[in-house]
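Overview (structure and organization)
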Amino acid sequence: MKFSENFRSALFWTLDNIKGNKVKNNYKEISFILENYNSLESRNLREKHLQNILEHSVNTVSKYKSYKKFKTLNEFPIIDKKEIRQDYKNFISNKQSINKYQKVATSGSTGTPFNVYIDAIKKARNTADTIYFAKAGGFNLGNKLYYLKLWSKEIAEKSLINRFRNIKVLHISKLTDHDISVLINDLKNENSPISFLAYASGLRQICKYLDRVEAKPILNKVASIIAMSETLSIETKTSLRKYFGVDTVSRYSNVENGILSQQMLSKGNNFHINWASYYVELLDLESDTPAQQGELGRVVITDLFNYAMPMIRYDTGDVAIMDNKNDFFNGAPSFSKVYGRKMDLIYNTNGAPLSPYVAYEMEHFQELKQFQLIQEGKKQFRVILNIDGTFNQETNLIENLKSELGEDASIIIDYVNEIPVLNSGKRKMVINNYIKEHQDQD
């Protein structure tokens, strides 16, 4: 690393030392727990953190006071965003004044914004989680970071702070061909390797632009790429390797909790679950029983470090498949697939849930700049396409989709100039209006 990058890293740890090594101590513990998952000490630490947060919850949080005689985690109820929104005050710990807690707000991409309160303990743990998993993805503290997401005006305008932190703010909502061209030119002029942390859809747009202009690889400029928030297709991952010479890893996280799991370099495509900071359950899609091995399930987490607003058995709204074969990550169960929101699952004409990857059947058609698959009814589907030039392969596209959706599927294709992003800056590849309609009626 350059002197300035080494200096930033050293300064961060010096300041942490002055504050009592809160981040460093958390980082060491996270490393030990995850890298020695099957050891007795790791198991004891995880159990201690779980018991501590449960005891704290039943003694300081109104929602959980009736569970003071609990014996196991399973006695606690499953909660979700809707329930928390409706009863915020009863989920907040009375251990301290609410004025001493920090409010973290989601973007509200799926509806009403969602606010969570955290304390200094949780903040230090999240920082340590971020450093650990970033390093596992190839990013070193102090490196130049190109951060591509939806930025609030307030944060984006803090140019001096971002410059000091060595962060270049990139707006997902302004990723036109011109913007990408400027980005690539800036990248070529960088004096030292940089890292990307970006929405998967943004990385796809960059690759599609490079394909269209028949760009040559830009090697020895990018040290690492971490994709987040959306599903990263195999095609985009392959393109990123072609153009930048590094392997991309995907991260699964949310705003209200933090980093829940991430792929690791040279360790396959499974997602290493963050067992050091969360207790994770995978429950059946329709009941609160454990999901079967190899089956889709709801991701339910217990946050082990949010003492301000304990989230016990919190249904994230996401679905995944857990791999319990213990072949990865020091014997720890991992996610073999992470699919995102349950409400965005597509179902075939027989009613069986399909992976959102079904939409990526369209990735193979080079003429498509953007695409989206929408389920409007049990057997009715709509495809939204933003094309580059002309597209003469509608028949092939429909046949490919029918092989997954069902031969009796009715598929309509609409062409647009731009597929809009959500309030969060994300662009959904799949939407299920059919299921949403039935949920709204309930």
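Procedures and definitions
- Residues numbered from 1 in each chain as written.
- Predicted model: local features only at pLDDT ≥ 70, side-chain atom pairs only at ≥ 80, totals over all residues.
- Heavy atoms only, no water.
- Helix = DSSP H or I, 4+ residues; strand = E, 2+ residues; numbered from the N terminus.
- Expected span 1.5 Å × (residues − 1).
- Buried < 20%, exposed > 50% of the residue type's maximum accessible area, 1.4 Å probe, protein only.
- Arc of directions from axis to C-beta.
- Pairing = 2+ DSSP bridges.
- Axes fitted to C-alpha atoms, helices over the stretch in contact; angles between N-to-C directions.
- Contact = heavy atoms within 4.5 Å.
- Core = buried A, V, L, I, M, F, W, Y, C linked by side-chain atoms within 4.5 Å.
- pLDDT = per-residue confidence, 0-100.
- 1 Å grid on protein atoms, 1.4 Å probe; cavity = no way out; pocket = protein on both sides within 12 Å on 5 of 7 lines; lining within 4 Å.
- Points joined across faces, edges and corners; volume = space filled by probe spheres on them.
- Nonpolar A, V, L, I, M, F, W, Y, C, P; charged D, E, K, R; others polar.
- Salt bridge = Lys/Arg side-chain N within 4 Å of Asp/Glu carboxyl O.

Here we look at helix α11 (residues 394-405)
Taking 1.5 Å of rise per residue, the twelve residues of α11 would be expected to cover 16 Å, and the 16 Å separating its terminal C-alpha atoms lies within 8% of that figure. All of the buried residues along α11 are L397, L401 and L405. For α11, the angular spread of buried residues about the axis comes to 60°, placing them on one side. Along α11, exposed side chains directed more than 90 degrees from the buried face belong to T395 and S403.

Some details on the sheet that holds strand β7 (residues 248-254)
Pairing within the open sheet is mixed, and its eleven strands lie in the order β4-β3-β5-β6-β7-β8-β9-β13-β12-β11-β10. Each edge of the open sheet is held by one strand with a lone partner, namely β4 (167-171) and β10 (278-283). With direction set aside, neighbouring strand axes in the sheet form an average angle of 35°. Judged from the three bridges that link them, strand β8 (residues 258-263) and strand β9 (residues 271-273) form a sheet pairing that is antiparallel. Directly across from Q262, in β9, lies its bridge partner H272. In the packing of helix α5 (residues 120-136) onto the sheet, the strands contacted are β6 (222-228), β7, β8, β9, β10 and β11 (297-303), and the crossing angle to β8 comes to about 15°.

What to know about the nonpolar core
Among the nonpolar cores identified, the biggest contains 59 residues, and V280 and F335 are the most heavily contacted of them. Ignoring anything within four residues of it in the chain, the contact list for F335 reads Y252, S261, N270, F271, I273, V280, L282, V299, A320, I321 and M322. Counting 38 residues, the second largest nonpolar core, distinct from the first, contains Y146, L170, I172 and I225.

Points about the confidence of the model for the protein chain
Mean pLDDT over the protein chain works out to 88, with 92% of the residues at or above the 70 mark. Low pLDDT, under 50, characterises residues 437-442; the stretch is placed with one contact to residues that sit more than four places away or in other chains.

As for the sheet that holds strand β16 (residues 368-375)
Taking strand neighbours across the sheet as the criterion, the four strands line up as β18-β17-β16-β19 in an open arrangement whose pairing is mixed. The open sheet terminates on both sides in strands that have one partner only, identified here as β18 (410-415) and β19 (430-432). When strand polarity is set aside, the average angle formed by the axes of neighbouring strands in this sheet is 20°. Pairing analysis gives six bridges linking strand β17 (residues 380-387) to β18, with the strands arranged parallel. By the bridge assignment, V383 is partnered in β18 with I413. With respect to the sheet, α11 is in contact with β16, β17 and β18, its orientation differing from that of β18 by roughly 135°.

A short note on empty space enclosed by the protein
Unfilled space is identified by rolling a water-sized probe across the atoms. Taken as a whole and assessed by the stated rule, the structure comprises one cavity of 30 Å³ or more. Taken as a whole, the largest cavity encloses approximately 50 Å³ of empty space. Lining the largest cavity are S201, R204, Q205, K369, Q370, F371, R427 and M429. Counting residues per element, the ones that place at least two in the lining of the largest cavity are α9 (200-212) and β16. Of the residues contributing to the lining of the largest cavity, the split by class is two nonpolar, three polar and three charged.

Focus on the pattern of salt bridges
Per the stated rule, a full pass over the model turns up 14 salt bridges. Among the ionic pairs, E281 bridges to R313, the shortest N-O distance being 2.8 Å. Pair noted here: E281 is in strand β10 and R313 is in the loop between β11 and β12 (314-323), with a separation of 32 residues, a long-range link. Here the two residues E281 and R313 agree in accessibility, since each one is buried. K379 is the salt-bridge partner of D408, the closest N and O atoms lying 2.9 Å from each other. In this pair, D408 is assigned in the loop between α11 and β18 and K379 in the loop between β16 and β17, connecting sequence segments 29 residues apart. When its relative accessible area of 40% is taken as the criterion, D408 is described as partly exposed.

Some thoughts on the environment of K123
When you line up the elements, K123 lands in helix α5. Relative accessible area serves as the criterion here: at 46%, K123 is assigned to the partly exposed category. When the C-alpha positions of K123 and G258 are compared, they lie 9.7 Å apart, and in sequence the two are 135 residues distant. Sequence-distant contacts of K123, that is, excluding residues within four places in its chain, are made with Q102 and I118.

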